[in-house]
Amino acid sequence: MLKQLQFFLLLGTLFIIFFIIVHWDDVRDGTFYLHVASSSPALPTNMSSGHWISEDSFLWKESSRSVRPNLTIITTHLKHDQGPNNLTQTFTQSFPTHLELRQAHRRQLIRGLCSANSSFNFPGKFKTFDQIPSKALDHLIVDDHHGVIYCFVPKVACTNWKRVMIVLSQSLKAPDGAPYLDPLDIPSALSHNATLHLTFNKFWKLFGHFSRPLMHHKLKNYTKFLFVRDPFVRLISAFRNKFALPNEDFYRQFGSVMLQHYANISKPPDSAKEAFAAGIRLSFTHFIKYLLDPQTEEEKPFNEHWQQMYRLCHPCQIEYDFVGKLETLDEDTEHLLKILGMENQVRFPPGYRNRTAANWERDWFTNISVADRRKLYNLYEADFRLFGYDKPETLLDE
């Protein structure tokens, strides 16, 4: 009996020694990475069913991306206790936060729907990055100082994020000659000055035939992010900003054309100021008719303020590290700045107080027929699904 006990003790000691040798690097660093089970339901890897799981119920799955939630960590401290053959292990665990789970869910949703296994198809889904023309990459702003790429979407806090990118790149000097340090100090009009931003569209002029390999290098090594918004609410916001108040540029390019084609005004006033003075206003119904008219995009592509978000940022060709939403702007902004290590360097400007609210949808769509609402959803369905926005059933089934 004693010999058997000695044998098993010797065998156990040999096993421990063998384990330490095999995992010596982990033991030396004091960290092992393990997957643990959770009571939360996991997101299906096959997203082709057309359904998606809410962010709150998503169970994080390990990703190879550069920005990712923390693995569950078990830290092991080895020490002698009451003799050389006794090992005492201390375990500490760190679980992903709800913000990390949220990001994992958003990225996984996009990857699933962009997969060839998904039955959901939309224009441009199967294009490669190199098949995207350079002019369609003009919304990707690059900051080489910090290794960041931001795809800006108009009407989704892009003015403030452009201000942040200017501060990071130090591409604009204040009146005193020093670079701007506070985004709020930068006039909003200047933030949209294209000369202040390095975008992928400019790479051909700067680098010629090296432009595409350089883009690929930066996409692989830089942190890439975008912010999105409920597609219908974004359309309302675009209409309010460009047509509900006199805007000469947008009236001349789009408003007068919409009045001619959809409001039966054969000769609209020459300026927005004259039109408003005469009580001639473009309605939201006219705007929707313009968007739904197949002739519109046959003449020229949608303006960036109402072009589909996926067409601006190409999420099936670019694997974004961070997907923010206007609906969770404060939390997402704080989270992203921490990921970038800039939470103490950059102060993100406060949100716009007159922001278009999601609960305004029913009022704005009152005069839009159900048939046109459904057509509009089909036009923007890829944005709804890729970025995890619920189908507006109450608007579409009335």
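Scroll up a little and you will see the structure.
Below: a short report on this structure. (Residues numbered from 1 in each chain as written. Predicted model: local features only at pLDDT ≥ 70, side-chain atom pairs only at ≥ 80, totals over all residues. Heavy atoms only, no water.)

1. A short note on the sheet that holds strand 6 (residues 322-325)
Working step 1: The strand order 3-4-5-6 describes an open sheet built from 4 strands, whose pairing is mixed. Of all strands in the sheet, those with a lone pairing partner are strand 3 (140-143) and strand 6, marking the two edges. The mean inter-strand angle of the sheet, taken between neighbouring strand axes irrespective of direction, is 20°.
Working step 2: When strand 5 (residues 223-228) meets strand 6, the two strands line up parallel, connected through 4 bridges. Residue pairing in the sheet places Phe 227 in a bridge with Gly 324 of strand 6. (Pairing = 2+ DSSP bridges. Helix = DSSP H or I, 4+ residues; strand = E, 2+ residues; numbered from the N terminus. Axes fitted to C-alpha atoms, helices over the stretch in contact; angles between N-to-C directions.)

2. Description of helix 3 (residues 98-114)
Working step 1: With 17 residues, helix 3 extends 24 Å between its outermost C-alpha atoms, agreeing within 8% with the 24 Å of an ideal straight helix rising 1.5 Å per residue.
Working step 2: The buried fraction of helix 3 is high, at 14 of 17 residues. (Expected span 1.5 Å × (residues − 1). Buried < 20%, exposed > 50% of the residue type's maximum accessible area, 1.4 Å probe, protein only.)

3. Remarks on the pattern of salt bridges
Working definition: two side chains of opposite charge can pair if their charged atoms are close together.
Working step 1: Tallied over the entire structure, the rule returns 13 salt bridges.
Working step 2: Note that Arg 111 and Glu 319 form a salt bridge whose closest N and O atoms lie 3.4 Å from each other. Residue Arg 111 is found in helix 3, and its partner Glu 319 is found in the loop between helix 13 (309-313) and strand 6; the two are separated by 208 residues along the sequence.
Working step 3: Judged by relative accessible area, which is 28%, Arg 111 ranks as partly exposed.
Working step 4: Note that Asp 144 is salt-bridged to Lys 218, the shortest N-O span being 2.7 Å. Taken together, the positions of Asp 144 in the loop between strand 3 and strand 4 (148-151) and Lys 218 in helix 7 (residues 211-221) put the pair 74 residues apart, joining distant regions of the chain.
Working step 5: The class for Asp 144 is partly exposed, based on a relative accessible area of 39%.
Working step 6: A residue is classified by how much of its surface remains accessible, and Lys 218, at 7% relative accessible area, is buried.
Working step 7: One continuous salt-bridge network, built from bridges that share partners, spans Arg 102, Arg 106, Glu 331 and Asp 332. (Salt bridge = Lys/Arg side-chain N within 4 Å of Asp/Glu carboxyl O.)

4. Structural notes on the pairing of strand 5
Working step 1: Among the 6 residues that make up strand 5, 6 are buried, leaving the element largely enclosed by the rest of the structure.
Working step 2: Alternating positions in strand 5 separate into two faces, Thr 223, Phe 225 and Phe 227 on one and Lys 224, Leu 226 and Val 228 on the other, with burial throughout.
Working step 3: Bridge count between strand 4 and strand 5: 4 bridges; the pairing is parallel. Note that in strand 5 the partner of Ile 149 across the bridge is Lys 224.

5. A closer look at the side chain of Lys 325
Working step 1: Structurally, the position occupied by Lys 325 is in strand 6.
Working step 2: Taking relative accessible area as the criterion, Lys 325 reaches 7% and is therefore assigned buried.
Working step 3: Within the structure, Lys 325 has its side chain in polar contact with the backbone oxygen of Phe 387 (distance 2.7 Å). (Polar contact = N/O pair within 3.5 Å; in protein donor to acceptor, adjacent residues only side chain to side chain.)

6. A closer look at the state of the cysteines
Working step 1: According to the stated counting rule, one finds 2 disulfides in the structure shown.
Working step 2: Across a sulfur-sulfur distance of 1.9 Å, Cys 114 and Cys 316 are joined as a disulfide pair. As the torsion about the S-S bond is roughly -80°, the Cys 114-Cys 316 disulfide counts as left-handed. Here Cys 316 lies in the loop between helix 13 and strand 6 and Cys 114 lies in helix 3, a separation of 202 residues in the sequence.
Working step 3: By relative accessible area, Cys 114 is classed as buried at 14%.
Working step 4: Across the disulfide, Cys 151 is cross-linked to Cys 313 (sulfur-sulfur distance 1.9 Å). A torsion of -90° about the S-S bond marks the disulfide between Cys 151 and Cys 313 as left-handed. Here Cys 151, found in strand 4, pairs with Cys 313, found in helix 13; they are 162 residues apart in sequence, far enough to count as distant. (Disulfide = S-S within 2.5 Å.)

Shape descriptors only; they carry no functional weight alone.
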